Each structure stands twice: as C-alpha cells, then as structure tokens.
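# An overview of the molecular structure
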Amino acid sequence: MTEIPLDISYKLRLRRLFWSMGYFSPLEVKLAAYAFKFGEQKRYDISDIDVMGIRFEKDLQQNIIIGDCKSGSESSINRIFWLKGVMDFFEAARGYFVQPTISDHTKQVASKLNINLLTADNFALIENEMGIGALKLFLFDIETYKRAESLWGLDIKKGDKPTNNQLALKEIYSYLDYTFWIVEDYRNIFTIIDRATDLQRFYQEFQEEKIKFLLYNVVIMLSISLLQMGGFILSTDRKNFVYQAREYMFGGMIELRERELLFRKISELVKQKLTVEPTYYNELLELVNRLVKFAIYSKDIPRYLEIVLYEYVLNDSQLTFDNIFKDYSVDTLKLTKDIAVFLCNVSGIDRKFFDKLLTL
Amino acid sequence: MADIEEYKIGIRCQDVQHGLRDVQASGPLIDLQNTLLIGKCATLSMHLKGLNYVEDIRALKYMAGELGITSFEFEPVLSELQTIDFIRIVKSEHGIKRIEITVPELRDGYEDLGRRWGDLKPTEIENKAINLIDCVSTIPVSLAKAKTTFRLTDKEIDIISEIGKQGTFLDIYTMPDGSEILYSPIAVDENPEKIYAFVKGHQDNAVAKLFTKIQSYQGIPEDEVGDDIVKEAILSGVLLSPTVTSSSGPKRFIFTPVIGFTEEEKIILDKSRAILACVRYGQKFASGTKIKWPRALLQSLLLKKRLTAHPELKDQYGLLVTKGLGRIEETTTGFFSFTLNDTKENMKALSFAIQMLEIGETQLPIVDEDKRQILIQNGSYRDPASSRTKYSRELKRTKTTNDEIIKIISQIGRGSIK
C-alpha cells in the first residue's frame, strides 16, 4: 500500500471532520488577485486554502470555516496569523490549524483568533471521540482524491500551442478555481450559466469523464450561489420575492437602473429590443423561489452533490443516501436535481452527464 | 394553431376537460383528444403546484382519478407533464418510484400547456373549437357571426355544439325572433361582475332573489333551495353546484360565482368550494357526529396546518387529499392526522373558504377535536363543471325557467346590464 503524504492525509481528515459537522468541504481553494500590467489583466496567485467548510443554516445564511494543514515544522504562530487574515477575507467564523506539534505560545494566541488547533495527537483523539474515524466515504479517500486531481484542469504539453477550445476550457477552470471565490456573490450566477453555455459548444472535444467531473463542480458552485441568493432574500423581504430577487441579481437598485439604461441604449443602437434579464430569468426565479420555500432542505444541496460526485460518479459506492446522511431527505435530493436540470435547460448541456444524479 | 394566446388555450383546454371529465372519449370527442389530454395535464398540474415531490403513486392515481384522469390516461398525462418540464418521473425496476414536481409557482403554467397543445398538432376542429369556446366565454355571440368569424361548416358547428352541450361549456339558444345565440356558462364564472350587477338592478327577479340567498350562505345544500330555477341557473352557469359523495351518498351544494379571482385561479376557487362543500356535508349530512363549528375547524387547520383524525380512517384517503390539499400521516400514537400541504394555493383556498363561511357566522368557539375527522372522511368531489354535466343529463329543461335564465344570459351578452 502506498503511503499517503501527511499533508494530504491531514486535508482529507479535516474534510471528514468538516463534513461530519455538516459542512460542504472543498479542498485547495485558490486565492488570487487581479491587476493590470502592461495593459493586460493578470492574475496573481496569492495562496490556497487547504480545506474550506461552507454550511448553510436553515435560513440559508452562510457559515464558513477555514482549515490549514501543515505537515512540517514551520512556524505555527506565523501560520495562524496568516490563517486569521484568510478567515477575515472570507468572513469565516472559525479557523482550524493542523500540524503534528504546535508550540504552547501559539495556543494562547489561537484561541483569541477563533482558531482551533489540532496536533496529531489531539486530532486523532477528537476523531475518536466524535466517532468519525470509521467514517469511510470516497470523499475522504486518497485514491479518489488523486483521481479527482487528475480529472481537473488541462494537460497541455510544454511547447504545444493550445487550441481555441482548450483556451476556452482553461478559462472555465480558472474561473472556478480563482474568480468564483473573489467576486461578489451575485455575479456568480450569471457567470456560471454563461460559462456552462460556452462549454456546451465544445465539450464533445474533450474526455467525457473530465467534462462530467467539471460539470458536477459547476453545479456545486451554482448551488452555492443560488443558496447565497436565497439567504439574501430570506434576510431581507421574503414576501416581495420577485422584487428582492431582481435587486440581488443585478447588484442593487442603482446598478440595476444603470444596466437598464445601458440596455436601452444598446437596443436603440442595434434596433432590436434587448432586456437586462436573460431569457432564462423566469426559470431562475422559479428555481430560487423553490430553494427558498424549502430552505430547510435546500441548505444541504452542495453536500448532496459532493456525495453523488464522489460516491456514484467517480466510484461505484454501494452506500445509499440514507446510509450516508442520518437526516437524509428526498426533498433535498429532488431540489439538488432541480439545479442540475435547470443548468442543462438553460445552457443546452446534455442531461446524460447527470444520469447518476437524476436516476436516484 | 388557434388565434388566441397560448395561456388562454391552456385555460380553455382545462374548461373542456372539466366539462367532459365523465364523458367517455368516443364519437366526436375523438376529434378533441389533444385538447382533452392537455386539459387533464392542466388540471393535474394545477393540483400538484407547490408540492416538491410525490412518492405515493397510488394516492396520486387516486387523486388523478378524482380529477377525471383514468388509470389508462395516467401515464400519458404524466408523460406530457414531463415533456413540458412540470414534473420528472423517477422510475425503479418496479415502476414509478417518485414524481418530482416543478410546476411553476411564480407564473401560471397555462402558457406552457397551451404551447404544448400547439406542438401536438391539434386537428382543425380542435383549433376552431378552442377559438369558439374562448370567444363565447367572454360574451355570447350569434351563431351566424360565429360561423363566419371562425369559418365553421354546419358539420363542424354540429360537432362542437354537441360536445359543448355534453360538457356544458357551450350551448345554443334560440331567441324569440328565431336567431340562434351561442353562449357558455364559463362566461358567468369568468365575468361574475355582470351577474352581480344584474342582481343589484333586478332585486325582484326570481333568479336575483335566489342568488342573494345563496350569497349569504355559500354552499347551501341543494335540497334546501331545490327548484327548477336553481337547476336552470346551475346549467347556465349563474350558480355553481359541486357534488360531494360520502357516507350519506351524493349531495350537491350551491355556490354563487365569485368576484376577484382571475381565470388562472380557477383551481384555487374550486379548492375553496371543495373545502366548504365538504364542511357543509359534515354539518348537514355526516352519518356520525356532525360538525357544529365549521369556521373554528377551518381556522384551526389554517393556523396549525394539521388535524387529528380518527384511527378508523387510516386506510382511507379523504376528500381533501384527493384535491391535493393535504395528506394523511400516521402519528406516533397510532392515530392518523391530516396535514395540510402548505402551498400558497392551498392557503389561499383555505382562507377563501373561511371567508365564504364567515358570512352569517360570528362566533369562534373551542374546536372539538373529535369532529375534525369528518373533514377527512372518505368521499369524492365533483367540481362545478362536471357536476353541471351530470345535471344536464338528469334534468329536463322546463320552458319557463329556461327562458328566464337565457334572458339573463342574453342581456349580459348584449351588455345591457348597468
């Protein structure tokens, strides 16, 4: 049996801990910033987050936690200050820092910064006490992790000139890897749909398994964005759903008015009536309305998608949903499908990619 | 394709299906098969609206049956609903495992249904029938004008009027001068303002008196007002008479049309009438304990969204279940409860049923839990359109009452009522 590198092992174990606490838990979330250099927009990679935890409450308010894993003996005090900065950036409520050993003075600082420390011994003890050591899901499995890694991104040999479609696909990966996490939440819904619509034009050129993996991740990101929108509506004015939804989707009333003006001008120029709302706008509202109405169920959609992807798409798990989720709900499963079907309907993507989900 | 808007087509398909739900699809009805299919889709989908999924397929079939969808038509109707993305059918090796519901809630779905009707390539006679029904649903028209406007041959008008008579959504009246007028009871239901105006302006008229009486006690049993004028008023659409069948046999309850509901909200109004008719049944005809305080019962359901049911009803699906208003669930104590499907439509239907009930009732006493079961008794409900159809087969029109009703309809049609 191959030995698992310690940092990966930590990441997968932390994912398991987060998962058992009800979080959707993406690994290696990249953090970047964009700036103009020589007239071109450039991306500057800043860092990456080993494990992120996102949980939606029953009112769809988002709760984020951040995990950082270190297998070596680098300065833990420096690292927890870095972690605190990342937590602030993502408005995370709590941080988790894992390292085989952690100095005593770090412990004093960490508690003030809302950071939980997990040394090797403590981590094992907590896992044992929480009864999650025996939790065997492909989501925490090293082989599946490697497979997922191999299916993500493009492998263009050095010296080869990428085709236009490869460049377009690369942009989609780049958006999901970096941009999604740093732009305003409301922008992501339209962007994801646009990207999926682009992808639909050329995905036949690429390996089906790769595209399927990508599409599930697209749906996961879309589900997060839609739940964020639902959270906004629930926290502002549920009764005036349509009004609130419109305000959210277009970045507030002032921005909406500006966009409408812009569309009016363009319509005059091209002599064709164009509206600020995309053609699928009403369907989108129907979907979000359903997510809001059934918020107590829709809150877990990203976790359900994660399980479908890792257990049934990447593997052939024998576990059923009610084995995996103590509070399994058909309502959640159904709403999960609603999002996938919506994406297919509006982007033209074939539903066959979501066969495993849609037949559940 | 019919010349009217798609959403109107959807509504008219539903009107036709409502009227013809108990008529066997043979003879001239074969010519309306797409219309009937879409009408059934409309009726079922409007009852599913607001729900997330249904796993009890037997219950769904039962409900569909109550809505006039036979077991043979059940799967074709589901298939159509799946085509327009109103549902998803999840299958297992044993058949249908679950129906996942995505009927639009923020808009009515009639436009989608009307579009699908067009995609199904309706026959020429269906096109003409839909156009004609839509036209007379607004205002009666002379037969001669209808023939010209819709390019109807004598044979076509015979077929359409024959079906219309069977379904009580279209009829021909011969005026004293010999001219023939096409009219529809739907016109009154969709334009109740006119009949209200008539009642206000003709208070000594027999129909107006009857109308006022029923207005003050919506859902009055037919036995308490039954005479020829009532029957003719029902046939012409001036009054509506849903039927409830339960432990004491079938009973009809009379309602007046209601102002303030759009034509897209017919299903909600029908649910309200179903609730109230059911309560009236419990009040007047229940074989066991009768409902004494109907308003308190409905208020309680509105607030708690749940009623406790008697154990003997555990295997029965109640009347309200068949209307998509709720479901029966077993409680931990071995009892059964009725839980309201908390959809916007159902809450509106329930609130409106209470409003209809509140006329003439002022007290709000403590609810007697034992009596709640009466609401959930096994039974069947026939909406006003299909009850009207049944009526048309049972009733021989008398000349006097017929003339009285038709006179009103004609006046309404000509716009002579202030």
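Just so it is clear, the structure is predicted and the values come from calculations on it, not from any experiment. Positions within a chain are numbered from 1, following the residues in the order the chain's sequence is written. Chain letters and ligand numbers both follow the written order, the letters beginning at A and the numbers at 1. The predicted origin of the model limits local features to residues at a pLDDT of at least 70 and limits the giving and counting of side-chain atom pairs to 80 or more, whereas totals for whole chains, interfaces and linings rest on all residues.

### Examining the overall build of chain A
Secondary structure elements follow DSSP: runs of H or I no shorter than four residues count as helices, runs of E no shorter than two count as strands, and numbering proceeds from the N terminus. Looking only at helices and strands, chain A features 16 helices and five strands. Note that the radius of gyration is over C-alpha atoms, with the globule rule given as 2.2 Å times the number of residues to the power 0.38. Relative to the 2.2 N^0.38 estimate, which gives 21 Å for 360 residues, the radius of gyration of chain A is 21 Å and therefore close to what a compact globule would have. Along the first, second and third principal axes, the C-alpha set of chain A runs to 70 × 55 × 45 Å. Residue burial in chain A is summarised as follows: out of 360 residues, 37% are buried. A pair of residues counts as a contact when their C-beta atoms, built from backbone coordinates, are within 7 Å of each other. Contacts in chain A between residues at least 24 apart in sequence constitute 66% of all its contacts with a sequence separation of at least 6. The exposure label follows from counting other C-beta atoms within 10 Å of a residue's C-beta, where the C-beta atoms are placed from the backbone and the thresholds are 20 or more for buried and 12 or fewer for exposed, leaving partly exposed in between.

### With respect to the domain arrangement of chain A
Residue and element names in this part refer to chain A. Just so you know, the domain bounds were taken from an automatic or database domain assignment. Along its sequence, chain A is organised into domain 1 (6-135) and domain 2 (146-358). Spacing between the C-alpha centres of domain 1 and domain 2 amounts to 25 Å. Between domain 1 and domain 2, the residue contacts involve 14 residues of the former and 17 residues of the latter. Sorting the residues of the side of domain 1 that touches domain 2 by element identifies β1 (27-37) and β2 (40-56) as the ones contributing at least two each. The dominant element in the side of domain 1 that touches domain 2, judged by the number of residues it contributes, is β1, at four residues. For the side of domain 1 that touches domain 2, the per-class residue count stands at seven nonpolar, two polar and five charged. Just so you know the grouping, Ala, Val, Leu, Ile, Met, Phe, Trp, Tyr, Cys and Pro go in nonpolar, Asp, Glu, Lys and Arg go in charged, and all remaining residues, Gly too, go in polar.

### Comments concerning the environment of Arg303 of chain A
All names here are of chain A. In this fold, Arg303 is placed in helix α13 (residues 301-313). Arg303 gets classed as buried once you count the C-beta atoms within 10 Å, which come to 24. Along the sequence, Arg303 and Thr144 sit 159 residues apart, while their C-alpha atoms lie 17 Å from each other.

### A few points about the interface of chain A and chain B
On the chain B side, the residues contacting the eleven residues of chain A number ten residues. Looking at the side of chain A that touches chain B, the elements that each hand over two or more residues are α11 (281-293) and α15 (330-347) of chain A. Per-element accounting of the side of chain A that touches chain B gives the leading share, five residues, to α15 of chain A. Looking at the side of chain A that touches chain B residue by residue, the classes come out as four nonpolar, two polar and five charged.

### Observations concerning the sheet that holds strand β1 (residues 53-54) of chain B
All names here are of chain B. Taken together, the three strands give an open sheet; going across it, the order is β1-β3-β2, and neighbouring strands pair in antiparallel fashion. Both outer strands of the open sheet, β1 and β2 (87-92), are each paired with one neighbouring strand and no more. DSSP calls a pair of strands paired once it identifies at least 2 bridges connecting them. With six bridges joining them, β2 and strand β3 (residues 95-101) adopt antiparallel strand pairing. Directly across from Lys91, in β3, lies its bridge partner Ile96.

### Considering the sheet that holds strand β4 (residues 94-98) of chain A
All names here are of chain A. Ordered in space as β1-β2-β3-β4-β5, the five strands form an open sheet in which the pairing is mixed. Unpaired on one side and paired on the other, β1 and β5 (115-118) mark the two borders of the sheet. Shown here is a sheet whose adjacent strand axes are inclined to one another by a mean of 35°, direction ignored. Where β1 and β2 come together, ten bridges link them in antiparallel fashion. Bridging across to β2, Ala35 finds its partner in Lys42. With axes taken as lines fitted to C-alpha atoms, and helix axes fitted only over the stretch in contact, angles between N-to-C directions fall between 0 and 180 degrees. Where helix α1 (residues 6-20) meets the sheet, its contacts fall on β1, β2, β3 (62-69) and β4, and the angle it forms with β3 comes to roughly 155°. Most of the contacts of helix α2 (residues 76-89) go to β4, to which it runs at about 150°, and overall it touches β2, β3, β4 and β5.

### So, the packing of α13 of chain A against α15 of chain A
Packed helices, taken two at a time, are described by the angle between their axes plus the distance between the axes. Residue and element names in this part refer to chain A. Packing of α13 against α15 brings their axes to within 9 Å, and their N-to-C directions diverge by 80°. What the angle tells us is that α13 and α15 run roughly perpendicular. Between α13 and α15, the contacting residues are Ile301, Tyr304 and Leu305 on the first element and Thr332, Leu333, Leu335, Thr336 and Ile339 on the second. Taken together, the residues of the contact of α13 with α15 sort by class into six nonpolar, two polar and no charged. Roughly parallel means an angle under 35 degrees; roughly antiparallel, over 145; roughly perpendicular, 65 to 115; everything else is oblique.

### A few points about unusual backbone geometry
Excluding glycine, a negative phi dihedral is what most residues carry, and trans is how most peptide bonds are arranged. For Leu60 of chain A, which is not glycine, the phi torsion reads 65° and is therefore positive. Positive phi, close to 50°, is recorded for Arg151 of chain B, a residue that is not glycine. Summarising the element assignment, Arg151 of chain B is placed in the loop between α7 (143-149) and α8 (154-167). With 10 C-beta atoms packed within 10 Å, Arg151 of chain B lands in the exposed category.

### Topic: helix α6 (residues 124-136) of chain B
All names here are of chain B. To estimate the expected span of a helix, count its residues, drop one, and scale the result by 1.5 Å. The first and last C-alpha atoms of α6 sit 18 Å apart over 13 residues, in line with the 18 Å expected at 1.5 Å per residue. Among the 13 residues in α6, eleven count as buried, and that is most of the element. Looking only at α6, the buried set comprises Glu126, Asn127, Lys128, Ala129, Ile130, Asn131, Leu132, Ile133, Asp134, Cys135 and Val136.

### Some remarks on the pairing of β3 of chain A
All names here are of chain A. Taken together, the six bridges between β2 and β3 define a ladder with antiparallel strand orientation. Looking across to β3, one finds that Met52 is bridged to Ile66. Here β2 folds back onto β3 in antiparallel fashion, the turn holding five residues, of which Leu60 has a positive phi close to 65°. In terms of strand pairing, β3 meets β4 through five bridges, oriented parallel. Each residue of the ladder has a partner; that of Gly67, found in β4, is Tyr96. Assessed by its sense of winding, the connection that carries the chain from β3 through α2 to β4 is right-handed. The definition of a right-handed crossover adopted here requires that, viewed with the strands pointing away, the path from the first strand over the helix to the second runs clockwise.

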